[in-house]
Amino acid sequence: MQRHLISAADLTRDDAVLILDTAEEMSRVADRPIKKLPTLRGRTVVNLFFEDSTRTRISFEAAEKRLSADVINFSAKGSSVSKGESLKDTAQTLEAMGVDAVVIRHGASGAPYRLANSGWIDAAVINAGDGTHQHPTQALLDAFTMRRRLVGRDAGLGHDLAGKRVTIVGDVLHSRVARSNVDLLHTLGAEVTLVAPPTLLPVGIGTWPCEVSYDLDSTLPKSDAVMMLRVQRERMNAAFFPTEREYSRRYGLDGDRMAKMPEHAIVMHPGPMVRGMEITAQVADSERCTAIEQVANGVSIRMAVLYLLLGGNEPALTNTRTEEK
Ligand code: CP
């Protein structure tokens, strides 16, 4: 493992499988009456959020607390960032307080890379989503969810997603989730197809390690997992499709479309969902939709990443005395 986690593309197959297997171990902590390990006692982790978040921010905090780390939460809103303070000065202020890891979400693509490689701080840097670039822990929790559902919980240990067919649908252009998933799923041996209107695909898509289609209906019967993406209006400065109704008609997932998927296939969504736009309430609330499971799995994945980056050399649970003893 590298010292930082900036991009899913930086992970080898062995790195990724180690994180997935460690997350399986970590998930057992959630089944205990006291959901805590002493692993990161005495270590300090700061959650540095310059962009809004519900799932990622809360699940990193839950993961850090389950590992007994000291947690500092920083939100740009209400901080001296609003007075013009730079990323460098903010980071060095935190460094002066002695942090061991920085979890950063930023609207600018490349901000976590800059933080990790600038020499401003010594702490490990974990990218919690940067602009339209990367969201590596999201891709890891998605892979974890697919492995559990499509390979099997215990049978999955040590395994990747070789041959699994994953369809990612919607606003690929603005999606760090799509980029991270294509990188990681390719590393894990899955076959990815992106489905989107031509206006919501990035320039250079032909170089990505995946297929591209404009026809959702013909792709669904060949999918083991279908991942729906939110249309990111907050990142749009132009009209990318005629109307929301037209978009939903061609690229939304409703009950009739879901019926075209193989029986074993799952529906995924990284959240937040816009019900009625990319996914109907019927699909979002169906047993085939893993959106809530993905959130729960996110805590295990983030525990595994923190444990491995902050020096976990021993098996995560077997050699670790638990708090409940
Ligand atoms: N999936 C995800 O990143 O959600 P949040 O923006 O709520 O963190």
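- An unreviewed UniProt entry annotates the protein chain as Aspartate carbamoyltransferase of Streptomyces spinoverrucosus.
- What UniProt states about the protein chain under its Catalytic activity (unreviewed entry) heading is, verbatim, "carbamoyl phosphate + L-aspartate = N-carbamoyl-L-aspartate + phosphate + H(+)".
- One UniProt comment on the protein chain, placed under Sequence similarities (unreviewed entry), says "Belongs to the aspartate/ornithine carbamoyltransferase superfamily. ATCase family."

## Considerations on the site of the ligand
- Near the ligand, the surroundings consist of Ser53, Thr54, Arg55, Thr56, Arg105, His135, Gln138, Pro270 and Gly271.
- Residue Thr54 places a main-chain N or O atom 2.8 Å away from an oxygen atom belonging to the ligand.
- Interatomic distance of 2.6 Å between a side-chain N/O atom of Thr56 and an oxygen atom of the ligand.
- Residue composition of the shell around the ligand, grouped by class: 1 nonpolar, 6 polar and 2 charged.
- Looking at which domains feed residues into the shell around the ligand, each of domain 1 (8-135 + 294-324) and domain 2 (136-293) supplies at least three.

## A closer look at the nonpolar core
- By size, the foremost hydrophobic cluster in this structure holds 63 residues, and its most contacted members are Leu140, Met146, Ile168, Leu184, Leu194 and Ile301.
- The element contributing the most residues to this core is helix α11 (residues 291-309), with 9 residues.
- With near-sequence residues (within four places) excluded, Met146 lies in contact with Val151, Leu161, Val166, Asn181, Leu185, Ala225, Met227, Ile266 and Met268.
- By size, the runner-up hydrophobic cluster in this structure holds 24 residues, among which are Val169, Val195, Leu216 and Ile279.

## Quick word on the packing of helix α1 (residues 13-27) against helix α5 (residues 136-151)
- Viewed as axis vectors pointing N to C, α1 and α5 meet at an angle of 70°, and their least axial separation amounts to 10 Å. For the element pair α1 / α5, the angle class is roughly perpendicular. Residues Val17, Ile19, Leu20, Asp21, Ala23, Glu24 and Ser27 of α1 form the contact with α5, whose own contacting residues are Leu140, Ala143, Phe144, Arg147 and Arg148.

## A few points about the domain arrangement of the protein chain
- Assigned domains within the protein chain: domain 1 (8-135 + 294-324) and domain 2 (136-293).
- One C-alpha centre belongs to domain 1, the other to domain 2; they are set 25 Å apart.
- Contact residues are listed per partner, giving 37 residues for domain 1 and 39 residues for domain 2.
- Counting across the interface, domain 1 meets domain 2 through 5 salt bridges.
- Measuring nitrogen to oxygen at the nearest pair gives 2.9 Å for the salt bridge that ties Arg147 to Asp21.
- Applying the counting criterion to the domain 1 and domain 2 interface returns 29 residue pairs in polar contact (both at pLDDT 80 or more).
- For the side of domain 1 that touches domain 2, the secondary-structure elements that each account for two or more residues are α1, α2 (55-66), β3 (101-106), β4 (124-130) and α11.
- With 9 residues, α1 is the single largest residue contributor to the side of domain 1 that touches domain 2.
- Across the side of domain 1 that touches domain 2, the residue classes tally to 14 nonpolar, 14 polar and 9 charged.

## Some details on the sheet that holds strand β6 (residues 191-195)
- The parallel open sheet is built from 5 strands, whose spatial order is β7-β6-β5-β8-β9. The open sheet has two edge strands with one neighbour each: β7 (211-213) and β9 (266-268). Between one strand and the next, the sheet's axes are offset by a mean angle of 25°, whatever the strand orientation.
- Judged from the 3 bridges that link them, β6 and β7 form a sheet pairing that is parallel.

## Thoughts on the UniProt feature "binding site: carbamoyl phosphate" (unreviewed entry) in the protein chain
- Using the residue numbers shown here, the UniProt feature "binding site: carbamoyl phosphate" (unreviewed entry) corresponds to Arg55, Thr56, Arg105, His135, Gln138, Gly271 and Pro272.
- Note that Thr56 resides in helix α2.
- Setting aside residues no more than four positions away along its own chain, Thr56 makes contact with Phe49, Arg105, Ala128, His135 and Arg302.
- Considering the arrangement of structural elements, one finds Gly271 in the loop between β9 and α10 (281-284).
- What makes Gly271 partly exposed here is its relative accessible area of 25%.

Calculation criteria
- Residues numbered from 1 in each chain as written.
- Predicted model: local features only at pLDDT ≥ 70, side-chain atom pairs only at ≥ 80, totals over all residues.
- Heavy atoms only, no water.
- UniProt positions renumbered as here; feature names shortened; annotations may be inferred.
- Near = heavy atom within 4 Å.
- Polar contact = N/O pair within 3.5 Å; in protein donor to acceptor, adjacent residues only side chain to side chain.
- Nonpolar A, V, L, I, M, F, W, Y, C, P; charged D, E, K, R; others polar.
- Domains from an automatic or database assignment.
- Core = buried A, V, L, I, M, F, W, Y, C linked by side-chain atoms within 4.5 Å.
- Buried < 20%, exposed > 50% of the residue type's maximum accessible area, 1.4 Å probe, protein only.
- Helix = DSSP H or I, 4+ residues; strand = E, 2+ residues; numbered from the N terminus.
- Contact = heavy atoms within 4.5 Å.
- Axes fitted to C-alpha atoms, helices over the stretch in contact; angles between N-to-C directions.
- Parallel < 35°, antiparallel > 145°, perpendicular 65-115°, else oblique.
- Salt bridge = Lys/Arg side-chain N within 4 Å of Asp/Glu carboxyl O.
- Pairing = 2+ DSSP bridges.

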